[in-house]
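One letter stands for each residue in the lines below.
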Amino acid sequence: MEHDFWHQRWEQGRIGFHQGDINPYLKEHWSELALDKGSKVLVPLCGKSLDMLWLQEQGYAVLGCELSEAACRAFFAENMRVPELTQQDIGPVFSSDNITLLAADIFTLEAAHLADVAAVYDRAALIALPKTMRKDYAQLLIDRLPLGCQLLLVTLEFDADAGPPFSVPQREVEALFSGRFMVERLAEVALGGERGAGRVEVVYRLTEARSAI
Ligand SMILES: C[S@@+](CC[C@H](N)C(=O)[O-])C[C@H]1O[C@@H](n2cnc3c(N)ncnc32)[C@H](O)[C@@H]1O
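Residues numbered from 1 in each chain as written. Predicted model: local features only at pLDDT ≥ 70, side-chain atom pairs only at ≥ 80, totals over all residues. Heavy atoms only, no water.

## Comments concerning the packing of aromatic side chains
And then number 1: Scanning the entire structure with this criterion turns up 8 aromatic pairs.
And then number 2: Ring geometry for Trp30 and Tyr60: centres 5.9 Å apart, planes at 75°, overall edge-to-face. With a gap of 30 residues between them, Trp30 in the loop between helix 2 (24-29) and strand 1 (40-44) and Tyr60 in the loop between helix 3 (51-57) and strand 2 (61-66) connect regions that are remote in the sequence. Of the two residues examined, Trp30 and Tyr60, each falls in the buried class.
And then number 3: With a centroid separation of 6.4 Å and an interplanar angle of 90°, the aromatic rings of Trp30 and Tyr121 are classed as edge-to-face. (Phe/Tyr/Trp six-rings, centres within 6.5 Å; stacked < 30°, edge-to-face > 60°. Helix = DSSP H or I, 4+ residues; strand = E, 2+ residues; numbered from the N terminus. Buried < 20%, exposed > 50% of the residue type's maximum accessible area, 1.4 Å probe, protein only.)

Here it is in C-alpha cells:
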C-alpha cells in the first residue's frame, strides 16, 4: 500500500477501521500474555486507536507507530492530552503520560527503536497490508523485536483477495511467524450484519518458540 493511500484516507476522514470503543478481544485476551505491569507494548500501525489508552490505563508503557502525523495529533487532541513533540531520526515523536507515538513508516524502525518492547498488540495492522508487505512486516518483527517478546494478533478471514482489510488465514500467519514464534489460535468470532457477513475475526497469541531462546 502506498503512503499516499493512507494519508488520503486520513485527510478525507475515510477511517471506517477506527473503533469508538476498546477492542473486546484486547480486553478479553490481553491477560493471557501475563505481561508484567510497566512493560512496553508496541502498537504497530496504531492510527488513533483507543486501545492504546486502555493499555496505558492497565499500567503499560505504549509505543505506537503510525505513518500519518495527522492521526497521531488527533489521538492526543481527541483524548484531551497535550503531548511533548520531539524530532527523531525517523520522524516526529509525540509523548504524553506513558504513551509515545512515532509518526513514522514502520519499515524504518531499527532494533534500537524497539529496545525494551515486551509485547506487540496488532489489531488491523497485519491485515491492512498487501501480501508482500505482510512478509516484510513479519520479518521486521522477527528480526528486530527483543528476545522474549509476545504478540496478541487480531486478524480477519473471509473469502476474497481484495483489501484492505485483507483476509489472512491461519496457514499464512503460521508461515509468516513460525520462524521465531509459536502461534496459538485463542478465539474466533463470526461477524454478523451486512458488512460482517462471511467474515471471521481471529485472535492469536504468539510466543517465542523454544528453539529461538
Ligand atoms: C487499518 S488502519 C488500523 C489502525 C489501528 N490499528 C486501529 O485499530 O484503529 C491501518 C493504519 O496503518 C497506518 N499505516 C499504513 N502503513 C503504514 C506504515 N508503513 N507505517 C506506519 N503506519 C502505517 C495507516 O495510516 C492506518 O492508520
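There is more to say after this.
## Observations regarding the site of the ligand
And then number 1: Around the ligand lies a shell of 15 residues, among which Leu45, Glu66, Asp105, Ile106 and Arg123 are the nearest.
And then number 2: Asp105 places a polar side-chain atom, nitrogen or oxygen, 2.9 Å from a nitrogen atom of the ligand.
And then number 3: Residue Ile106 places a main-chain N or O atom 2.9 Å away from a nitrogen atom belonging to the ligand.
And then number 4: Relative to its unbound accessible area of 600 Å², the ligand is 96% covered by the protein chains.
And then number 5: With respect to the detected pockets, the ligand is housed in the largest pocket.
And then number 6: Residues of the shell around the ligand, tallied by class, amount to 11 nonpolar, 1 polar and 3 charged. (Near = heavy atom within 4 Å. Polar contact = N/O pair within 3.5 Å; in protein donor to acceptor, adjacent residues only side chain to side chain. Areas by Shrake-Rupley, 256 points an atom, 1.4 Å probe, with all protein chains shown as cover. 1 Å grid on protein atoms, 1.4 Å probe; cavity = no way out; pocket = protein on both sides within 12 Å on 5 of 7 lines; lining within 4 Å. Sits in = over half its atoms within 2 Å of the grid points. Nonpolar A, V, L, I, M, F, W, Y, C, P; charged D, E, K, R; others polar.)

## A word on the packing of helix 5 (residues 131-144) against helix 6 (residues 170-177)
And then number 1: Relative orientation of the contacting elements helix 5 and helix 6 amounts to 45°, with a least axis distance of 9 Å. By the criterion of interaxial angle, the relationship of helix 5 to helix 6 is oblique. Facing Lys131, Arg134, Lys135, Ala138, Leu141 and Ile142 of helix 5, the residues of helix 6 in contact are Glu172, Leu176 and Phe177.
And then number 2: Each residue belonging to the contact of helix 5 with helix 6 can be placed in one class, and the counts come to 5 nonpolar, no polar and 4 charged. (Axes fitted to C-alpha atoms, helices over the stretch in contact; angles between N-to-C directions. Parallel < 35°, antiparallel > 145°, perpendicular 65-115°, else oblique. Contact = heavy atoms within 4.5 Å.)

## Points about the layout of surface pockets
And then number 1: In this structure, the largest pocket occupies an estimated 980 Å³ of space.
And then number 2: Listing elements by their share of the lining of the largest pocket, those giving two or more residues are helix 1 (3-11), strand 1, strand 2, strand 6 (117-123), strand 7 (150-157) and helix 7 (193-196).
And then number 3: With 4 residues, helix 1 is the largest single contributor of residues to the lining of the largest pocket.
And then number 4: In terms of residue class, the lining of the largest pocket is made up of 25 nonpolar, 9 polar and 9 charged.
And then number 5: The volume enclosed by the second largest pocket comes to roughly 210 Å³.
And then number 6: Taken together, Pro130, Lys131, Arg134, Phe158, Ala160, Asp161, Phe166, Ser167, Pro169, Arg171 and Glu172 make up the lining of the second largest pocket. (Points joined across faces, edges and corners; volume = space filled by probe spheres on them.)

## Considering the environment of Gly196
And then number 1: Inspection of the secondary structure assignment puts Gly196 in helix 7.
And then number 2: What makes Gly196 buried here is its relative accessible area of 9%.
And then number 3: Taking the C-alpha atoms as reference points, Gly196 and Ala111, separated by 85 residues in sequence, lie 37 Å from one another.

## Structural notes on the sheet that holds strand 9 (residues 200-208)
And then number 1: Within the open sheet, the 9 strands sit side by side as 3-4-5-2-1-6-7-9-8. Their pairing is mixed. Only two strands of the sheet have a single partner each, and these edge strands are strand 3 (84-88) and strand 8 (181-190). The mean inter-strand angle of the sheet, taken between neighbouring strand axes irrespective of direction, is 20°.
And then number 2: Pairing geometry for strand 6 and strand 7, over 5 bridges, is parallel. Following the sheet pairing, Tyr121 is matched in strand 7 by Leu152.
And then number 3: Most of the contacts of helix 4 (residues 69-78) go to strand 5 (residues 99-103), to which it runs at about 160°, and overall it touches strand 2, strand 3, strand 4 (91-96) and strand 5. (Pairing = 2+ DSSP bridges.)

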